[in-house]
Amino acid sequence: MRTGPANAQSGAADSYIAANFNAAGFGGNISDWLITPEITLSNGMTLTFFTRTEPFAFPGDTLEVRLSTNGASADVGATDSSVGDFSTLLLAVGTTIDGYPSDWTGYTVTINGLGSSADGRIGFRYSVTDTSANGDYIGIDSVNVKTPEPATLALLMFGLAAIGVRKLRHRVV
């Protein structure tokens, strides 16, 4: 049984999460969050997911993928424009001239720039300003978080060590 305007990208027809313009009153702003459980974050970790809106949707649907390295915190701020501990923007969907995809479209985000592993969460933020003119519906499906394979990590560490040795040799000569 289908409960939204589209069948799921994978699995049973209604096995995806969705949000729409009804998350705020007429003319209001939306800031709805879907947050992962606490996970250990590391460089090279990837997040993949699919998302879509309705064909011929109203403009203004935005999905932000954000990162918090503050452990189990679920602090998303106190207003519809704040993001709390989720200050790192990893990806924004729906902000281009093409708008939000109307067919299931896959995205991959790679986490980089962490000094070391950290406990934290990944948040999906559905954001719309002024629902009297903007916002319609988004769905998210097939979310997957993968840590790098140990062999990949070993190769990465070997490569970084080789670069370090090479730089050290250039200084000595």
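Further up the page is the structure itself.
Residues numbered from 1 in each chain as written. Predicted model: local features only at pLDDT ≥ 70, side-chain atom pairs only at ≥ 80, totals over all residues. Heavy atoms only, no water.

As for unusual backbone geometry
- Its identity is not glycine, yet Phe 56 carries a phi of approximately 60°, on the positive side.
- Structurally, the position occupied by Phe 56 is in the loop between β4 (46–52) and β5 (62–68).
- Unusually for a residue other than glycine, Asp 130 sits at a positive phi of about 55°.
- Relative to the assigned elements, Asp 130 resides in the loop between β8 (118–128) and β9 (137–146). (Helix = DSSP H or I, 4+ residues; strand = E, 2+ residues; numbered from the N terminus.)

Considerations on the environment of Pro 148
- For Pro 148, the location among the structural elements is in the loop between β9 and α1 (150–172).
- For the pair Pro 148 and Met 45, spaced 103 residues apart in the sequence, the C-alpha separation amounts to 5.6 Å.

A few points about the pattern of salt bridges
- Under the counting rule described, the total for this entry stands at two salt bridges.
- A salt bridge links Glu 64 to Arg 66, with the shortest nitrogen-to-oxygen separation between them at 2.8 Å. A single burial state applies to Glu 64 and to Arg 66, both of which are buried.
- Measuring nitrogen to oxygen at the nearest pair gives 2.9 Å for the salt bridge that ties Glu 64 to Arg 125. Of this pair, Glu 64 sits in strand β5 while Arg 125 sits in strand β8; the two residues are 61 residues apart in sequence, bridging distant segments of the chain.
- A network of salt bridges, in which partner residues are shared, links Glu 64, Arg 66 and Arg 125. (Salt bridge = Lys/Arg side-chain N within 4 Å of Asp/Glu carboxyl O. Buried < 20%, exposed > 50% of the residue type's maximum accessible area, 1.4 Å probe, protein only.)

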